[in-house]
Protein chains: 4
Amino acid sequence: MKKTKNKILNDPIYGFIAIPSELIYKIIEHPYFQRLRRISQLGLSYLVYPGAHHTRFHHAIGAMHLMQKAIRVLRNKNIKINSKEEEALLIAILLHDIGHGPFSHALEHSLVNNISHEKISIQFMKELNKIFKNKLSLAIKIFQNNYKKKYLHELISSQIDVDRLDYLNRDSFYSGVAEGIVNSTRIIDMYNVYQGKLVLDYKGLYTIEKFLLSRKLMYLQVYMHKTVLSAEHTLMNILKRAKYLANNNHEIFMTKNLQKFLKEEIDMNNQKNLTKNLNYFSNLDDYDIMISIKEWQNNNDLILSMLSKQIIERKLHKIKEVDKKELKQMTKEITKKLKKKYTINNSDLEYLVFSIQTKHKIYVPEKNPIYILKEKNNKPELSGIEKKLNFNKKQNTIIKNFICYHPSIKN
Amino acid sequence: MKKTKNKILNDPIYGFIAIPSELIYKIIEHPYFQRLRRISQLGLSYLVYPGAHHTRFHHAIGAMHLMQKAIRVLRNKNIKINSKEEEALLIAILLHDIGHGPFSHALEHSLVNNISHEKISIQFMKELNKIFKNKLSLAIKIFQNNYKKKYLHELISSQIDVDRLDYLNRDSFYSGVAEGIVNSTRIIDMYNVYQGKLVLDYKGLYTIEKFLLSRKLMYLQVYMHKTVLSAEHTLMNILKRAKYLANNNHEIFMTKNLQKFLKEEIDMNNQKNLTKNLNYFSNLDDYDIMISIKEWQNNNDLILSMLSKQIIERKLHKIKEVDKKELKQMTKEITKKLKKKYTINNSDLEYLVFSIQTKHKIYVPEKNPIYILKEKNNKPELSGIEKKLNFNKKQNTIIKNFICYHPSIKN
Amino acid sequence: MKKTKNKILNDPIYGFIAIPSELIYKIIEHPYFQRLRRISQLGLSYLVYPGAHHTRFHHAIGAMHLMQKAIRVLRNKNIKINSKEEEALLIAILLHDIGHGPFSHALEHSLVNNISHEKISIQFMKELNKIFKNKLSLAIKIFQNNYKKKYLHELISSQIDVDRLDYLNRDSFYSGVAEGIVNSTRIIDMYNVYQGKLVLDYKGLYTIEKFLLSRKLMYLQVYMHKTVLSAEHTLMNILKRAKYLANNNHEIFMTKNLQKFLKEEIDMNNQKNLTKNLNYFSNLDDYDIMISIKEWQNNNDLILSMLSKQIIERKLHKIKEVDKKELKQMTKEITKKLKKKYTINNSDLEYLVFSIQTKHKIYVPEKNPIYILKEKNNKPELSGIEKKLNFNKKQNTIIKNFICYHPSIKN
Amino acid sequence: MKKTKNKILNDPIYGFIAIPSELIYKIIEHPYFQRLRRISQLGLSYLVYPGAHHTRFHHAIGAMHLMQKAIRVLRNKNIKINSKEEEALLIAILLHDIGHGPFSHALEHSLVNNISHEKISIQFMKELNKIFKNKLSLAIKIFQNNYKKKYLHELISSQIDVDRLDYLNRDSFYSGVAEGIVNSTRIIDMYNVYQGKLVLDYKGLYTIEKFLLSRKLMYLQVYMHKTVLSAEHTLMNILKRAKYLANNNHEIFMTKNLQKFLKEEIDMNNQKNLTKNLNYFSNLDDYDIMISIKEWQNNNDLILSMLSKQIIERKLHKIKEVDKKELKQMTKEITKKLKKKYTINNSDLEYLVFSIQTKHKIYVPEKNPIYILKEKNNKPELSGIEKKLNFNKKQNTIIKNFICYHPSIKN
């Protein structure tokens, strides 16, 4: 690949990040990619962790940096990765999240229906592949796991991929939740390939144990932090309400871009207008959402204005962790209190009291094993880490139930 | 002051920050203060330093945290600070930047004329003082330097105040410019009071030398980074153009809040409608600006759309450091090239080629001395640090001149 | 307690450590305590982790610093700790390890028989109590758990005491084993007292989970690192051999201090000559051991010279983790090879091949519970962390068996 | 060069350090090199900075690690360094300090006369070259600056060599003096070669300014810390006294190794017995010195026992910075007081009162320029940094005078 001269970016986590090739530099400069500067990595988490304003742009660049390290490590262990595969890997990881919409996961299914951000990422990649004259073909192949060397795909997407190494570290760094720090250098140093799989050298066993615990703690303390859940579900409800109003002749402010998605309901699966629709999508970012919410504070629909104000002024719904079996009864009680307090349609009550369920899988060997490579009598031997570490099968999934309701209600 | 129970915030820099009192907690919860979550600390610097998305909110909280430390240190040195003064200090530092508008310094004189952000901060404080029944009176007195103990004001505003200790560290942390790190703990540990002044113990001499160098490097590498200068001056020009168009019957998108300032030209010095105007101001944040710029990309005014696109797609004006005397000739040459390329009014050329001058004062003992306290023969003795450290008088100010012009022009 | 003026020490981990009182300053200055500067914290671990040269002195000072924090936190939660108790706590933690001999744990039972380092610590404390006119009485009472407020003792010695918070962090910092870092600030922030016990606030639950994992990883990677085990067991064997030779008319170099213990076998339990014996003990440090080993390289006893050379030149015994049941057979095989290679008495073979067993208890709720405090329906409720976290009872103890033998043997 | 498999060392500063080749691994394993584990990097500085127990061993390994980085950076800038030169560079930097004796600089001229540690390093290298069959010839050539590519030597020894990048960082890290931290990654990233010289890219200008300040602060706060000066000069005096006594029929304890140097006065310049003498030298380390001092506490020479006790119990000579012109008068006064207090020979007074002068050159462009490389009109242009940065010529050397005297004297 054709190297760039001296293009470097500062990163508080890794120090300096070099842009490795001309093509990659051009992709980064493209407006599709620049848009990621306006997509926050962690949605509304900054309402709890005031430092968490980092963006998808920064994460993508960081993951690419780790990929460079990973390639260097594997080559040192005599795994052949040629220069084309190298550039393809770097492009694939750079673009793996380009299909994220405003506020990342928070609004993933509120704005665009029936399509995951990964699929939109592929559509962007294909579009960029046209623009850059098929130079992204191999990257797409690897990203879609259609390339013979499966471990290249696993560097992008698996239990130990560079994606999560970067985001765990980055989210931990910016939120200040020190428990989430992951020794990414050490894990990448332990990368190896055996029988076509991405595996870890035996010396990495305890590092991976710590990695799984850090990940769990990030889920518990950040990604599923109850105040964040409350804020993000309210955000979803605001979009839902706005969509409803827009489609029912209620006058409502919207940026032009947002209108495309809330009112015209663009179908991103539709192959016909794909280029045009991708452009609409790429015009959409956090600013469209927040400015609309700011305006909606003054909309004459009570629900919409109330919820919008709650986000802007950070007077969020209360949220409590509860047993699943208590949910029904509690919802009933709160509903009663709400009805006493507000004149409100039954169908609108769901905006003011609702339940949330979260799930986190710690490590499920049957589905997504992590392999460790050990020399035994001078012969390599592969085994799932569950054979070396202490996992309690019954508790490999954490499920939590919450009830979430308007702050005016005492309970 | 009445303590809060267990209100803490995560900060990646200091670990945990405790909210020290009920009143302070309420001020933080007020929408005026929550707005600071939507005001970026470093304007458009993130176009160069992708991590620099931190906010005024976070800086204000961080500075308050350092103030708590400072008070503890001074009390340990037998400087009496009573509990009322303590709370006042904490409030004053918390609110010292509340008057900042969108993108902080970048737009300080573009949106609101003839008034500094400090003055608007005072207006907000006075408004909050009404709301919180005069509990902020002492804070305002200290902030305005009307209180007898001058060193309390100096903790908020002086060469060694906690404000700059926080922002240098914070800006360095989030931008990843390691050169800017300041040993704030050490400097605060060296705080002392002598003859009514805030001074430093002698042991802090070399720390302060390093502090001044760090500050200089932050100016050179971040605050006056030439790409940042180019972006922010373009931002100012966009606002200037929009104002011009709005007042000349040109149709132009604007959020309602922005309209107040661009079209109706609210005068924040005017005492008559102050409360109302403060509310308008407090509704304005980065989102109003960015969404407008996004929309303006499609405005039919060529200048406005061109500059707006340049910000969104990060195709910024070129910028070069030049000798002052070269400026005139270079401007002339570039103007010529621009005229060849674009059909453009003479009066509009200033949007496409202009000069920038920056100034940084390293340390000016005549105006803002830093005092160091030494025991000599068991007697305290005060002297300006310039007597102990090596300063080159002639070079205590760094002035730079730049020429900035449309990227289509080769030079 | 009478405060000191400006006595501070630099610590790479905590920044600055203040010496809190005149009495404590004098204790630190006493030769008994200064000796700890010559006692390495981690024995021979530096043969594996070249940075691990930190001392008992530094650990003691660091633990005292954490104790200051702990006291501040508890007082903020309205736990009354008066100024006498404060100083006693600080002294007790400062002196908790003063009874450690050369190379800390490595030689704990090789030099002085039938007595633990804690007991020798108490003897030192009592001796210092005489010197400082009974000002240490309360410290001794707390240290021996004879004081009414049991939680004060638990700050010094329990599953969550400041001792291990400091040593885990310090050992991790100096060895560079990042996995061992412990969020000591966070854990101390979670300290509370309930029903007379030192407990943790509920918010500290996951921090404590990570703490237990970090501790386990430090045991596996540092304290029980197999090369360290090999080196330290060889060190013990050297001392054993030297003792044997010294008591069997073999000429052997020894520093005068070491002679007291190797040849005269001072009994530290003996109350009669305690002051004298303490002085002998306090003259002994790492230097006596290492210089003797250096000299012993040239002793004409083959075993002694061979083992000594192995330490100095770092040609350590091989060591392998094995199943317990394999131990016997392997020892037999290696013995056979050794006999073929060296003319050596049967009774001396144990120096060249031996087994090691290590044990680490992760968390044993029946014996040493860690309590967590939760508010339920506005009432505090205490429970062992095993009710909230996922512990596999069967695997709460890690036992490992090793075989260790002369490096000339191939196996 | 033949690569090693998986030999890595933990380093708290750089993470992991790989041992790059078989030959280098064998050199590290050699007893000559292992000895460096027993040579402290900073002499007696740990009496002031309790964390500063790191060794020459660790520094040598760390500098080798930075050299690996430097080679990678230069190769990326198309500077050709072949694989033989690479290994030679790594060996040369690894061994650059192998000639250091006990306590590094502190005793450099007390034990061995008329020869610098660099010269002894060369003798060790030559000896190792014999052992490793001339594989070190190129390393020696580069170290002695006899190789055509001068910039290779400059990587080992110049104003910006990797040696000082490592020791400044390492000494700063272990002492906890944060002011001394140097951005070594950034400086190495700026390495370049122009006109056969090791230079810095222009972007490194401010980093080098900070580097020079950090270095100055390390001199002022650590290397020339007055308490360290007092301790180390007393150490020198102890050795001087011991030498005097040993050569004047006074009975005095000495380890065999030390005896060679104190009594027999081995001449390391003498080429005749070089191998034998190198072996004597290589048997000498910190332990020989400290154990002797411990024993000398009880020697019947008053001066020797008094000074030795002062080191062991840390009751150091007082030390004050004074004007040069005051020195004579102060010495006179203190001498008078000493004579009143102690019955002591005139010739022995110099042990109890003496002066110290220290010198630090900040940056002397005439002698040791640092060059910066800038593109001007697309042509490279070299200039000394003094043309870009603000240096005050008159103050480029810091000279300090101290008077140092027995702590019993009040002054």
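A. Region of the structure containing the overall build of chain A. Assigned secondary structure in chain A consists of 16 helices and nine strands. Relative to the 2.2 N^0.38 estimate, which gives 22 Å for 411 residues, the radius of gyration of chain A is 23 Å and therefore close to what a compact globule would have. Across its three principal axes, chain A shows a C-alpha extent of roughly 75 × 50 × 35 Å. Looking at chain A as a whole, 47% of its 411 residues qualify as buried. Nonlocal contacts in chain A, meaning residues at least 24 apart in sequence, comprise 68% of its contacts between residues at least 6 apart.

B. Broad picture of the packing of helix 3 (residues 56-76) of chain A against helix 8 (residues 162-175) of chain A. All names here are of chain A. Here helix 3 crosses helix 8 at 125°, and the two axes come no closer than 8 Å. Of the possible angle classes, the one that applies to helix 3 and helix 8 is oblique. Helix-helix and strand crossings are classified by hand; for helix 3 and helix 8 the assignment is right-handed. Each of His58, His59, Gly62, Ala63, Leu66, Met67 and Ala70 in helix 3 lies in contact with helix 8, whose residues at this interface are Val162, Asp163, Leu165, Asp166, Tyr167 and Arg170. Counted by class, the contact of helix 3 with helix 8 contains seven nonpolar, three polar and three charged residues.

C. Representation of the interface of chain B and chain A. Listed by partner, the interface residues are 30 residues for chain B and 30 residues for chain A. At the level of secondary structure, the elements contributing two or more residues to the side of chain B that touches chain A comprise strand 1 (8-11), helix 2 (31-34), helix 3 (56-76), helix 8 (162-175) and helix 14 (286-296) of chain B. For the side of chain B that touches chain A, a count of residues per class yields 14 nonpolar, 10 polar and six charged.

D. Spatial organisation of the sheet that holds strand 8 (residues 379-384) of chain A. Residue and element names in this part refer to chain A. Strand order in the open sheet formed by four strands is 3-4-7-8, with mixed pairing between adjacent strands. Two strands close off the open sheet at either side, each with one partner strand: strand 3 (191-194) and strand 8. For this sheet, the mean inter-axis angle between neighbouring strands, taken without regard to orientation, is 45°.

E. View of the relation of the copies chain C and chain B. Aligned on chain B, chain C shows an RMSD of 0.0 Å; the corresponding rotation is 180° and the shift along the axis is 0.0 Å. What we have between these two chains is a two-fold relation. Of the residues that chain C buries at the interface, 100% are likewise interface residues in chain B, meaning the two copies contact each other through the same surface.

F. Representation of the relation of the copies chain B and chain A within the structure. For the pair chain B and chain A, the superposition axis carries a translation of 0.0 Å, the fit reaches an RMSD of 0.0 Å, and the rotation angle comes to 180°. Comparing contact sets, 100% of the residues at the interface of chain B also lie at the interface in chain A, consistent with an isologous, same-surface contact.

G. Structural view of unusual backbone geometry. If you check the backbone angles, asparagine 78 of chain A has positive phi at about 70° while not being a glycine. Positive phi outside glycine occurs at arginine 314 of chain D, with the angle close to 55°. Here arginine 314 of chain D lies in the loop between helix 15 (302-312) and strand 5 (318-322). For arginine 314 of chain D, a count of 18 C-beta atoms within 10 Å translates into the label partly exposed.

H. Quick look at the pairing of strand 1 (residues 8-11) of chain A. All names here are of chain A. Bridging between strand 1 and strand 2 (residues 15-18) involves four bridges; their strand directions are antiparallel. Paired with aspartate 11 across the bridge in strand 2 is glycine 15. The antiparallel hairpin formed by strand 1 and strand 2 contains three residues in its connecting segment.

I. Main features of the nonpolar core. Grouped together as the largest cluster of nonpolar side chains are 460 residues, with contacts concentrated most on Met67 of chain A, Met67 of chain B, Met67 of chain C together with Met67 of chain D. Discounting residues that sit within four places of it in the chain, methionine 67 of chain A has contacts with Leu89, Leu90, Ile93, Leu155 and Val162 of chain A.

J. The interface of chain C and chain B, seen in detail. In this assembly, four residues from chain C lie in contact with four residues from chain B. Taken together, the elements giving at least two residues each to the side of chain C that touches chain B come down to strand 2 (15-18) and helix 9 (184-190) of chain C. Among the residues making up the side of chain C that touches chain B, the classes are represented as one nonpolar, two polar and one charged.

K. Region of interest: helix 3 of chain B. Residue and element names in this part refer to chain B. Counted at 1.5 Å a residue, the expected span for helix 3 with its 21 residues is 30 Å, and the 30 Å between its end C-alpha atoms agrees. Counting buried positions along helix 3 gives 15 out of 21 residues, so the element sits mostly inside the fold. In the stretch just after helix 3, asparagine 78 is the one whose phi turns positive, near 65°.

L. Region of the structure containing the confidence of the model for chain A. Mean pLDDT over chain A works out to 93, with 99% of the residues at or above the 70 mark. For this predicted complex, the interface score ipTM comes out at 0.94, while the overall pTM is 0.90.

M. Molecular detail of helix 10 (residues 205-223) of chain B. Across its 19 residues, helix 10 of chain B extends 25 Å between first and last C-alpha, which sits within 8% of the 27 Å expected from 1.5 Å per residue. The element helix 10 of chain B is extensively covered by neighbouring structure, given that 14 of its 19 residues are classed as buried.

N. Spotlight on the pairing of strand 8 of chain A. Residue and element names in this part refer to chain A. Sheet topology note: the strand 7 (residues 371-376)/strand 8 ladder contains six bridges and is antiparallel. Among the inter-strand pairings, isoleucine 372 is bridged to a residue of strand 8, identified as serine 383. If you look at the hairpin formed by strand 7 and strand 8, you'll find two residues sitting between the two strands, and asparagine 377 has a positive phi there, around 50°.

O. How the structure looks around the environment of leucine 128 of chain B. Residue and element names in this part refer to chain B. Note that leucine 128 resides in helix 5 (residues 117-131). We classify leucine 128 as buried; it has 22 C-beta atoms within 10 Å. Remark: the alpha-carbon pair of leucine 128 and tyrosine 32, spanning 96 residues in sequence, is separated by 8.8 Å. The residues touching leucine 128, leaving out its near neighbours within four places in the chain, are Ile27, His30, Tyr32 and Leu136.

P. Structural view of the sheet that holds strand 5 (residues 318-322) of chain B. Residue and element names in this part refer to chain B. Across the sheet, three strands lie side by side as 5-9-6; this open sheet has antiparallel pairing. A single partner strand is all that each edge strand has here, and the edge strands are strand 5 and strand 6 (353-361). Averaged over all pairs of adjacent strands, the angle between strand axes in this sheet comes to 30°, irrespective of strand direction. Bridging between strand 6 and strand 9 (residues 397-405) involves nine bridges; their strand directions are antiparallel. In the sheet register, serine 355 faces strand 9, and the bridge partner there is isoleucine 403. Contacts from helix 11 (residues 226-246) reach strand 5, strand 6 and strand 9 within the one sheet, and its direction differs from that of strand 5 by about 120°.

Q. Spotlight on the environment of phenylalanine 402 of chain A. Residue and element names in this part refer to chain A. Tracing the backbone shows phenylalanine 402 in strand 9 (residues 397-405). Put simply, phenylalanine 402 and leucine 327 are 75 residues apart on the chain and 8.0 Å apart in space, counted from C-alpha to C-alpha. In this structure phenylalanine 402 touches Lys226, Leu229, Ile319, Lys320, Glu321, Val322, Ser355 and Ile356, once residues within four positions along its chain are discounted.

R. Up close: the environment of isoleucine 24 of chain B. All names here are of chain B. Inspection of the secondary structure puts isoleucine 24 in helix 1 (residues 22-29). Given 19 C-beta atoms within a 10 Å radius, isoleucine 24 is considered partly exposed. In this structure isoleucine 24 touches Ile19, Leu90, Ile91 and Leu94, once residues within four positions along its chain are discounted.

Cut-offs applied
Residues numbered from 1 in each chain as written. Chains lettered and ligands numbered in written order. Predicted model: local features only at pLDDT ≥ 70, side-chain atom pairs only at ≥ 80, totals over all residues. Helix = DSSP H or I, 4+ residues; strand = E, 2+ residues; numbered from the N terminus. Rg over C-alpha atoms; globule rule 2.2 N^0.38 Å. Buried ≥ 20, exposed ≤ 12 C-beta atoms within 10 Å, placed from the backbone. Contact = placed C-beta atoms within 7 Å. Axes fitted to C-alpha atoms, helices over the stretch in contact; angles between N-to-C directions. Parallel < 35°, antiparallel > 145°, perpendicular 65-115°, else oblique. Left-handed = near helix turned anticlockwise from the far one by under 90°. Nonpolar A, V, L, I, M, F, W, Y, C, P; charged D, E, K, R; others polar. Pairing = 2+ DSSP bridges. Least-squares fit on C-alpha atoms with pLDDT ≥ 70 in both. Core = buried A, V, L, I, M, F, W, Y, C linked by C-beta atoms within 7 Å. Expected span 1.5 Å × (residues − 1). pLDDT = per-residue confidence, 0-100.

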